[in-house]
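Overview (structure and organization)
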Amino acid sequence: MNEDVHQGVDEDHPEKRGTPVGRRVFLGTLALGAAGVVAAPPLQRGLEGFLGSAADKDPTGLTGLLPNGGGFRYYSVASSVPRKNADSYRLTVDGLVDRPTTYTLADLRALPQTRLVRDVQCVTGWRVPDTPFEGVRLSRLLDAARVRPTAKAIRFTCFDGTYTESLTLAQARRADVLVALRMQDKDLGHSHGGPVRLYVAPMYFYKSAKWLSGITVTDEVRPGYWEERGYDVDAWVGRSNGRDDEPTS
Amino acid sequence: MSLRADTTVAIRRFSRAQRWVHRTTAVLMGVCVLTAACLYVPQFAELVGRRALVVTLHIWAGLALPVPVLAGLASRAFRADLGRLNRFGPHDRTWLRAALHRDKSPASRPAGKFNAGQKLYASWLAGATLVMLGTGLMMWFTHLTPLLWRTSATFVHDWLALTIGIVLAGHIGMALADPEARRGMRTGSVSSDWAEREHPLWRP
């Protein structure tokens, strides 16, 4: 207990115990953290601007790993996701319809394509501005399947085997809801949910289910994967999940 | 065979309680860092997936992180070491100045049981851990705090996580470079030679 005596730190004589720098560093770190929370909005805007321009000139892609470094982030709820290509991919439309249908990738590509350019907003905070999505309007596939009058909602299933999503029939018929085949003017890659994903422009991005494989028309909304874990079913950007982001559509 | 090697004796540095506090804190921190990497780095996220499970692991390891230190307060030796980590004497200023000038000679690096760098590391990490806990809770219980707070908490949590990761890498790197320091944390004892060289002002 009597270490450091010769250099002036003596625990038996409080006036000689030395300065409590440790406590000051500890409390200072806490205060800095609190100040960081308070000062975050302007700091974040500044950093996003700086990192955004740095990322444009960064061939290594390392800036993408920094917080708010811009761009998409990969979220998967399954342990591994099988890959599907033009040969193996199928999209089924069934449930409360008169004409259940199965589409191949070529079938979907042969239908009229719609291109939308909107911001993508994730419920965890990141936003990717002006992202083009291109594909078939969901309403077109629903009309082709002849939805029965008792139908109220759609359930989406995915070939990752785990993820599910839902929309009301009215939401699904909106013109800005696509079965997307292309993103950023490229065919959808596997890590972005390719070859085919849902794109629900006005809602938080968890509604835009990746690796879409099934569209089932139902008589009630069945909450999807994240919705069973606390997220809002009606996920309008800026008007749900307790967030006030600028609307995307 | 030198005379020094013959006269060196084992000195008690850490009690069993202190070593267990370090061990359990290290495991919990390791789980936090690894799960954070799987949530955050796209390559790891693609490799691991299972997002809901990884989130659960991360949250519970984070909540438990302060527990070993709080439990350690029951140990007299642990409390005494906290006191040593807290107090800075004139020699700590000398040590820090030498560290800033990259002066590695033992004469310019006077230290008690803990050197000034270890003291700063411990105090900063304790504060940073609590900031991570606070901002993490704000992100988890989304309906408790206003939205602006939550976005700000995410910002602080992300950047502080990166900082902690770098500092931890330094901590582990220095431990890897000093087998005797590791032996102290593993077995509780160090050689008197090492103590005399690295911690000349320590009077066990």
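Residues numbered from 1 in each chain as written. Chains lettered and ligands numbered in written order. Predicted model: local features only at pLDDT ≥ 70, side-chain atom pairs only at ≥ 80, totals over all residues. Heavy atoms only, no water.

Here the focus is the overall build of chain B. The helix and strand tally for chain B stands at 11 helices and two strands. Listing the helices and strands of chain B from first to last along the sequence gives α-β-α-α-α-α-α-α-α-α-α-β-α. Counting only residues that meet the buried cut, chain B has 41% of its 204 residues in that class. For chain B, restricting intrachain contacts to residue pairs at least 6 apart in sequence, the fraction spanning at least 24 positions comes to 68%. For chain B, the accessible area works out to roughly 11,100 Å², and carbon and sulfur atoms hold 69% of it. (Helix = DSSP H or I, 4+ residues; strand = E, 2+ residues; numbered from the N terminus. Buried < 20%, exposed > 50% of the residue type's maximum accessible area, 1.4 Å probe, protein only. Contact = heavy atoms within 4.5 Å. Areas by Shrake-Rupley, 256 points an atom, 1.4 Å probe, with all protein chains shown as cover.)

A tally of helices and strands in chain A yields four helices and 10 strands. With 249 residues in all, chain A has 46% of them scored as buried. Contacts spanning at least 24 positions in sequence make up 63% of the contacts within chain A whose residues lie at least 6 apart. Carbon and sulfur atoms provide 52% of the accessible area of chain A, an area that totals close to 11,900 Å².

Residue and element names in this part refer to chain A. In terms of burial, strand β10 (residues 212-218) is largely enclosed, as six of its seven residues are buried. As paired strands, strand β1 (residues 91-95) and β10 are joined by four bridges and run parallel to one another. Within β10, the position partnered with Thr92 by the bridge is Gly214. For strand β5 (residues 153-158) and β10, the ladder comprises six bridges, and the chain directions are antiparallel. (Pairing = 2+ DSSP bridges.)

Next up on the list: the pairing of β5(A). Along a regular strand, successive side chains alternate from one face of the sheet to the other. All names here are of chain A. In terms of burial, β5 is a largely internal element, five of the six residues being buried. Of the pairings in the sheet, the one linking β5 to strand β6 (residues 164-168) comprises five bridges and is antiparallel in character. Following the sheet pairing, Phe156 is matched in β6 by Glu165.

Turning our eyes to something else, we now look at the UniProt feature "transmembrane region" (unreviewed entry) in chain B. In the numbering used here, UniProt assigns the feature "transmembrane region" (unreviewed entry) to residues 20-45, 57-78, 120-139 and 159-177 of chain B. Taken end to end, residues 20-45 of chain B comprises 96% helix and 0% strand; its first and last C-alpha atoms sit 32 Å apart. (UniProt positions renumbered as here; feature names shortened; annotations may be inferred.)

Let us look at the sheet that holds strand β2 (residues 101-103) of chain A. Residue and element names in this part refer to chain A. Reading across from one edge, β2-β1-β10-β5-β6 is the order of the five strands in this open sheet, with mixed pairing throughout. In this open sheet, the two edge strands, each paired with only one partner strand, are β2 and β6. Across the sheet, the mean angle separating the axes of adjacent strands is 15° when strand polarity is ignored. Together, β1, β2, β5, β6 and β10 form the strand contacts of helix α3 (residues 138-145), whose direction differs from that of β10 by roughly 55°. (Axes fitted to C-alpha atoms, helices over the stretch in contact; angles between N-to-C directions.)

Let us now look at the pattern of salt bridges. Residue and element names in this part refer to chain A. This model, assessed by the stated rule, comprises 15 salt bridges over all chains. Here Arg115 and Asp185 are joined by a salt bridge, their closest N and O atoms 3.0 Å apart. Taken together, the residues span a long stretch of sequence, with Arg115 in strand β3 (residues 114-121) and Asp185 in the loop between β7 (177-183) and β8 (186-187) at a distance of 70 residues. With relative accessibility at 38%, the residue Asp185 sits in the partly exposed group. (Salt bridge = Lys/Arg side-chain N within 4 Å of Asp/Glu carboxyl O.)

Think of an α-helix as turning once every 3.6 residues; residues three or four places apart then point the same way. Residues and elements named next belong to chain B. For helix α4 (residues 51-64), which comprises 14 residues, the first-to-last C-alpha distance of 20 Å matches the rise-based estimate of 20 Å (1.5 Å per residue) to within 8%. Taken residue by residue, α4 has Arg51, Ala52, Val54, Ala61 and Gly62 as its buried positions. Against the buried residues of α4 lie α2 (16-40), α3 (42-48) and α8 (116-140). (Expected span 1.5 Å × (residues − 1).)

What follows deals with the confidence of the model for chain A. Interpreting fine coordinate detail is not advised for predicted regions of low pLDDT. Of the residues in chain A, 83% reach a pLDDT of 70 or more, and the chain-wide mean stands at 85. Low pLDDT, under 50, characterises residues 1-15 of chain A; the stretch is placed with 36 contacts to residues that sit more than four places away or in other chains. (pLDDT = per-residue confidence, 0-100.)

This next bit is on the environment of Ala40(A). Considering the arrangement of structural elements, one finds Ala40(A) in helix α1 (residues 21-56). Sequence-distant contacts of Ala40(A), that is, excluding residues within four places in its chain, are made with Ser152(B) and Phe155(B).

Looking now at the packing of aromatic side chains. Geometry of an aromatic ring pair is reported as the spacing of the ring centres plus the angle between the planes. Inspection of every chain in the model, using the stated rule, returns nine aromatic pairs over all chains. Aromatic side chains Tyr89(A) and Phe159(A) sit 6.2 Å apart centroid to centroid with 70° between the ring planes, which places their arrangement in the edge-to-face category. Taken together, the positions of Tyr89(A) in the loop between α1 and β1 and Phe159(A) in the loop between β5 and β6 put the pair 70 residues apart, joining distant regions of the chain. Overall, Tyr89(A) belongs to the buried group, its relative accessible area being 0%. Three or more aromatic residues joined by ring pairs form one cluster here, namely Tyr163(A), Tyr206(A), Tyr225(A), Trp226(A) and Tyr231(A). The ring centre of Trp202(B) lies 5.0 Å from the NZ or CZ of Arg13(B), which sits over that ring. For the cation-ring pair, Arg23(B) lies above Trp20(B), with the distance from its terminal atom to the ring centre recorded as 4.8 Å. (Phe/Tyr/Trp six-rings, centres within 6.5 Å; stacked < 30°, edge-to-face > 60°. Lys NZ or Arg CZ within 6 Å of the ring centre and 35° of its normal.)

For the rest of this paragraph, the subject is the nonpolar core. Counting 48 residues, the largest nonpolar core has Leu91(A), Leu138(A), Leu142(A), Leu212(A) and Ile215(A) as its most contacted members. Elements represented by at least two residues in this core include exactly β1, α2 (105-110), α3, β5, α4 (169-172), β7, β9 (197-200) and β10 of chain A. Ignoring anything within four residues of it in the chain, the contact list for Leu138(A) reads Phe156(A), Leu167(A), Ala172(A), Val177(A), Leu178(A), Val179(A), Leu198(A) and Ile215(A). In terms of nonpolar packing, the next biggest core, distinct from the first, is built from 19 residues, Leu28(B), Ala61(B), Ala153(B) and Val156(B) among them. (Core = buried A, V, L, I, M, F, W, Y, C linked by side-chain atoms within 4.5 Å.)

Attention now goes to the interface of chain B and chain A. One frequently used descriptor of interface size is the decrease in accessible area upon assembly of the parts. Every contact between the two is made by 50 residues of chain B and, on the other side, 48 residues of chain A. Carbon and sulfur atoms supply 62% of the area buried between chain B and chain A, which totals about 4,200 Å² over both sides. Ranking the residues of chain B by area buried against chain A places Arg51(B), Arg87(B) and Phe155(B) at the top, with a combined share of 17%. The tally of links between chain B and chain A comes to zero salt bridges. (Buried area = accessible area lost by both parts, 1.4 Å probe.)

Where nonpolar side chains cluster on the molecular surface, the patch consists of Trp60(B), Leu137(B), Trp140(B) and Phe141(B) and spans about 400 Å² of accessible area. Topologically, Phe141(B) is positioned in the loop between α8 and α9 (147-176). (Patch = residues over 30% accessible without salt bridge, like charges linked within 9 Å, V, L, I, M, F, W, Y side chains within 5 Å.)

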